[in-house]
Amino acid sequence: GVTSRLLTPSEAIQKVREVMASEILGPLIKVIGIAGPGDPLANDETFETFGLVEKEFPHLIKCMSTNGLLLPEKLERLDELNLCSVTVTVNALDPEVGARIYSHILYHGKRYSGRKAAEILVANQLEGIKRAADRGMTVKVNTVYIPGVNESQIPLLSNTVKKLGATVMNIMPLIPQAEFAHIVPPTEEDLEAVRNSNEKVIGQFKHCRQCRAD
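None of these values were measured; they are calculated from a predicted model. Per chain, residue numbering runs from 1 following the sequence as it is written. A pLDDT threshold of at least 70 governs which residues receive local features in this predicted model, and a stricter bar of 80 or more applies before side-chain atom pairs are shown or counted, although totals over entire chains, interfaces and linings include all residues. Based on all heavy atoms of the structure, the side-chain values leave hydrogens and waters out of the count.

Asker: Even after reading the chapter, I still don't get the sheet that holds strand 1 (residues 31-34), so can you show me in this structure?
Answerer: Backbone hydrogen bonds hold the strands of a sheet together, and the pairing may be parallel or antiparallel. By definition, two strands form a pair when at least two bridges between them are found by DSSP. Secondary structure elements are taken from DSSP: a helix is a run of H or I of four residues or more, a strand is a run of E of two residues or more, and numbering for both begins at the N terminus. Strand order across the open sheet formed by 6 strands is 1-2-3-6-7-8, with parallel pairing between neighbours. Single-partner strands in this sheet number two, and they are strand 1 and strand 8 (203-204). Two elements, strand 2 (residues 61-66) and strand 3 (residues 85-89), share 4 bridges in a ladder whose sense is parallel. Bridging from a neighbouring strand, Thr66 pairs with Val88 of strand 3.

Have a look at this one:
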């Protein structure tokens, strides 16, 4: 689950043409997704690429993964491109917990840190999820399970995003690195227990072990 290199929009659509022209792969491909670099909504190339795909392969389902910071203001543009599905990574509702996860955000040219950064991010994530669901998009929520940091947030997240219109949740284990390099990731048993508990509220996406958007 790692990328080999970055593609320009023109390279991306050429890659799609090649795959769709394959007698073996072409009939199997149903979805085109963008998950980066960084957050796709910060890149004009994301919209240009989706536009090229929509023009040549309108039958393909278009999806993307985002941290949700810019989702409310970009939704109309995504809707015009017939985006079908959006995955939003939400790791906390409580700004105090969020401040332990996110060092800062860059929002409209300004840098925010600590609680203020988390407040802006969470508010935009939740608003974006609701607006996307209201527009008829399929909304999946990714949550990275970080032991000792956000496990108490996960049940709250499940209930909240379900009410906002999300249809499925993907609880993923932490991959220890950077500031979280010292944290032991959840065991398979712990992860399964959390997923089973939250499945009572919202459908769980269980077969993903490492996501490109985590």
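Asker: Just checking my understanding: could you explain a nonpolar patch on the surface for this structure?
Answerer: Patches draw on residues past 30% relative accessible area with no salt bridge. Two like charges within 9 Å are joined, as are two nonpolar side chains (Val, Leu, Ile, Met, Phe, Trp, Tyr) within 5 Å. Here the open area of atoms and residues is found with the Shrake-Rupley method and a 1.4 Å probe, where only the protein chains shown may cover a residue. Definition used for salt bridges: Asp or Glu carboxyl oxygen within 4 Å of a side-chain nitrogen of Lys or Arg. Taken together, the side chains of Ile24, Leu25 and Leu28 make up a nonpolar region of the molecular surface, amounting to roughly 340 Å² of accessible area. With respect to the secondary-structure elements, Ile24 resides in the loop between helix 1 (9-21) and strand 1.

Asker: Mind showing me how you'd approach the side chain of Thr87 here?
Answerer: Secondary-structure assignment places Thr87 in strand 3. Any residue under 20% of the maximum accessible area for its type is buried, any over 50% is exposed, and the rest in between are partly exposed; the area is computed with a 1.4 Å probe on protein chains only. Taking relative accessible area as the criterion, Thr87 reaches 7% and is therefore assigned buried. Nitrogen and oxygen atoms within 3.5 Å of one another constitute a polar contact, given that in protein one can donate a hydrogen and the other can accept it, and given that sequence-neighbouring residues count only through two side-chain atoms. A distance of 3.5 Å separates polar atoms of two side chains, one belonging to Thr87 and the other to Lys140. In this description, contact between two residues means that some pair of their heavy atoms is separated by no more than 4.5 Å. Other than its neighbours up to four places away in sequence, Thr87 contacts Met64, Ser65, Thr66, Lys140 and Asn142.

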